[in-house]
Amino acid sequence: MGRRYGVGGPWVLRGVDLVLPSHRLIRVEGTNGTGKSTLLRLLAGIDSPTEGRVTGRPGRTAYVPERFPVALPFTAAGYLTHLGRIHGLRGARAAARADEWLERFGAARYARTALSELSKGTSQKVAVAQALLAGPELLVLDEAWTGLDSAARTQLDLAVAERVAAGGTVVFVDHDPRRLAGAADDVYALAGNALVRDTGVNSPAGQGPRVRIVAVGPPGAAPPEPLPGGPTYERGPAGGTVQLTVAAAHSDALLRALLAARPPWHIHEVSLEPATTGQAAS
Amino acid sequence: MTALFRYHAAMLLRSQRWLPPLLLYGIFLAVGVQGGEPVLDSLGVAAAALLPVTAWLVRICVTQEPDAARAVTAAASGMPQAHLAALLAASGCAGAFGVAGTVIVTAVSERRSADGLVDVAPLSAGAAGLLVALVCLLTGAAVGALCSRPLLRGRGWSLASTALLALLALVTTGSPAKAAVSGLVTGSRTGVIHTLGLPLAAAVLVAAVVVGAVCVLGTRRG
């Protein structure tokens, strides 16, 4: 697909061909002005392509803009309840989810504050909460981390991993190359007006802290498939154990999947493996 | 769609941006309708006043959502649906104005024909007034939808064209609003309430075509 603004304007994007499978975390890179935001808006259905088509977008799609300084006549909780209903939640559930997500991002005490009186960071938390409260199948994040405090950033990282583990697709852009480092399944780069697939080896997003989990399952059983984050398997230190290594962002989802498996797995040990560096040089 | 409509309606109500159009409608009624005048004449004035008021409300509803919030809503529901909900919220508000205005005008007017010879039943007069108000509402909504985003973005152009087109819709022969209002006023001379099927059908058609086109274009032009 392609997109340009105005009839004779230059092409912002041209010949973009992208498939977004479920269970995937996809990072889009590119310098300023290469059309990252335009691509994300096309994916989220806010904009439509000048040529080509976007097909098969799931019913529950959510988008988080980079800035959300919104002057709307609602309280934070009121706005989120409305958005929850628009995302398809029923009345009482929408309100309950709104409170839940505000609390998760540490903004519960602003629930009854008017949106126009919120700080930039808290507005951004509302924008993020709105996207997550209905469990979207496609989540599009345009530098959604900008303006969040570090605790909220961590929560957003976790929420993203949860969405992916639950079968969703998450597409994100972030100026910080270490954002969700090592967790992205696919990395694409925008250059000129074209989208190219990045192998990820040279990109900082391909590296990052990993978590090692030693677990033991029922005798002879293989780990349940598919596991979130696509961990690597090794024989564990003790007999019968399996050592799984996964990007830190996916570790919670992976643990949850192991513990929730039928029959459940037992977790022996969880440890952080330091970030690998220098791979690109070899 | 219900959730989107509630969102837009709540935004309009809580922002109190509906107040200036209501004042305009009140001024039109206060100037154009005198107590004790023939009911059908007064209802014609009230319905005609609703046209620019509806166009203004539509403009308010489609521009009141900041861009960031609009992007979020559009992603959640689809751009055409989000735009349609804004148009429906504006029409709902205009409808409430129209019903209130029609009831008040019917109550304070003389229930007779213009020459004072024929009695006009208040219920059938009120019903005819509501139908003509509906025709004007639909035409006004079409005018407002045509003259605001996504088709016209500049504030000045948008306001000027809304005012001009609303006026034209009231005075041009062939406009459903003009036909409906003059049908009511002509009927007032002899105390006969004309049937309004044709203007109503035309107004429904115009509004449907315009709203459909605008909502689809809304996604095209973001």
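Residues numbered from 1 in each chain as written. Chains lettered and ligands numbered in written order. Predicted model: local features only at pLDDT ≥ 70, side-chain atom pairs only at ≥ 80, totals over all residues.

Enquirer: Tell me about helix α4 (residues 67-77) of chain B, residues and numbers included.
Expert: Residue and element names in this part refer to chain B. For α4, the tally of buried residues reaches 9 of 11 residues, placing the bulk of the element in the interior. Among the residues making up α4, those that are buried are Ala 69, Arg 70, Ala 71, Val 72, Thr 73, Ala 74, Ala 75, Ala 76 and Ser 77. Gly 78 sits one or two residues past α4 and shows a positive phi near 100 degrees. (Buried ≥ 20, exposed ≤ 12 C-beta atoms within 10 Å, placed from the backbone. Helix = DSSP H or I, 4+ residues; strand = E, 2+ residues; numbered from the N terminus.)

Enquirer: Please provide a residue-by-residue account of unusual backbone geometry, values included.
Expert: All names here are of chain A. Residues Arg 262 and Pro 263 are joined by a peptide bond in cis, for which omega reads -5 degrees. As for its position among the elements, Pro 263 is in the loop between α6 (251-260) and β12 (266-273). Of note in this structure, His 23 is not a glycine but carries a positive phi near 60 degrees. Looking at where His 23 falls in the secondary structure, it is placed in the loop between β2 (11-13) and β3 (24-29). A tally of 17 C-beta atoms within 10 Å means that His 23 is categorised as partly exposed. For Glu 143, which is not glycine, the phi dihedral falls at a positive 50 degrees. Counting through the fold element by element, Glu 143 comes out in the loop between β5 (138-142) and α5 (150-165).

Enquirer: With reference to specific residues and values, describe the domain arrangement of chain A.
Expert: Residues and elements named next belong to chain A. Looking at the assigned domains, one finds that chain A contains domain 1 (13-204) and domain 2 (209-273). For domain 1 versus domain 2, the distance between C-alpha centres works out to 28 Å. Listed by partner, the interface residues are 10 residues for domain 1 and 10 residues for domain 2. Here the residues of the side of domain 1 that touches domain 2 sort into 6 nonpolar, 2 polar and 2 charged. (Domains from an automatic or database assignment. Contact = placed C-beta atoms within 7 Å. Nonpolar A, V, L, I, M, F, W, Y, C, P; charged D, E, K, R; others polar.)

Enquirer: Just give me the short version of the confidence of the model for chain A, but keep the residues and values in it.
Expert: All names here are of chain A. On average, residues of chain A carry a pLDDT of 82, and 92% of them reach 70 or more. For residues 201-206, every residue scores under 50 in pLDDT, and the model assigns this stretch 17 contacts once sequence neighbours within four places are set aside. Counting contacts from residues 277-282, a segment whose pLDDT is below 50, to residues more than four positions away or on other chains yields 5 contacts. (pLDDT = per-residue confidence, 0-100.)

Enquirer: Explain the nonpolar core to me, and be specific about the residues and the numbers.
Expert: Counting residues in hydrophobic clusters, the biggest one holds 165 residues, and the most contacted among them are B:Leu50, B:Leu87, B:Ala90, B:Val132 and B:Cys136. For this core, the two domains that each supply at least three residues are domain 1 (13-204) and domain 2 (209-273) of chain A. Ignoring anything within four residues of it in the chain, the contact list for B:Ala90 reads B:Leu57, B:Val58, B:Ile60, B:Cys61, B:Ala141 and B:Gly144. (Core = buried A, V, L, I, M, F, W, Y, C linked by C-beta atoms within 7 Å.)

Enquirer: Describe the environment of A:Asp99, naming the residues involved and giving the relevant values.
Expert: All names here are of chain A. When you line up the elements, Asp 99 lands in helix α3 (residues 91-104). Look at Asp 99 and you get partly exposed, because 17 C-beta atoms sit within 10 Å. For the pair Asp 99 and Leu 133, spaced 34 residues apart in sequence, the C-alpha separation works out to 9.6 Å.

Enquirer: How would you explain the interface of chain A and chain B if you had to name every residue and give the values?
Expert: Facing the 24 residues of chain A at the interface are 23 residues of chain B. Among the elements that line the side of chain A that touches chain B, the one with the most residues is helix α2 (residues 76-86) of chain A, at 4 residues. Of the residues contributing to the side of chain A that touches chain B, the split by class is 15 nonpolar, 6 polar and 3 charged.

Enquirer: With reference to specific residues and values, describe helix α2 (residues 19-32) of chain B.
Expert: Residues and elements named next belong to chain B. The terminal C-alpha atoms of α2 lie 20 Å apart, and with 14 residues this matches the ideal 20 Å at 1.5 Å per residue to within 8%. Listed in full, the buried residues belonging to α2 are Pro 21, Tyr 25 and Leu 29. When α2 is viewed along its axis, its buried side chains cluster within an angular range of 75 degrees and face the same direction. Seen from the buried face of α2, the exposed residues on the opposite side, beyond 90 degrees, are Leu 19, Leu 23, Ile 27, Ala 30 and Val 31. (Expected span 1.5 Å × (residues − 1). Arc of directions from axis to C-beta.)

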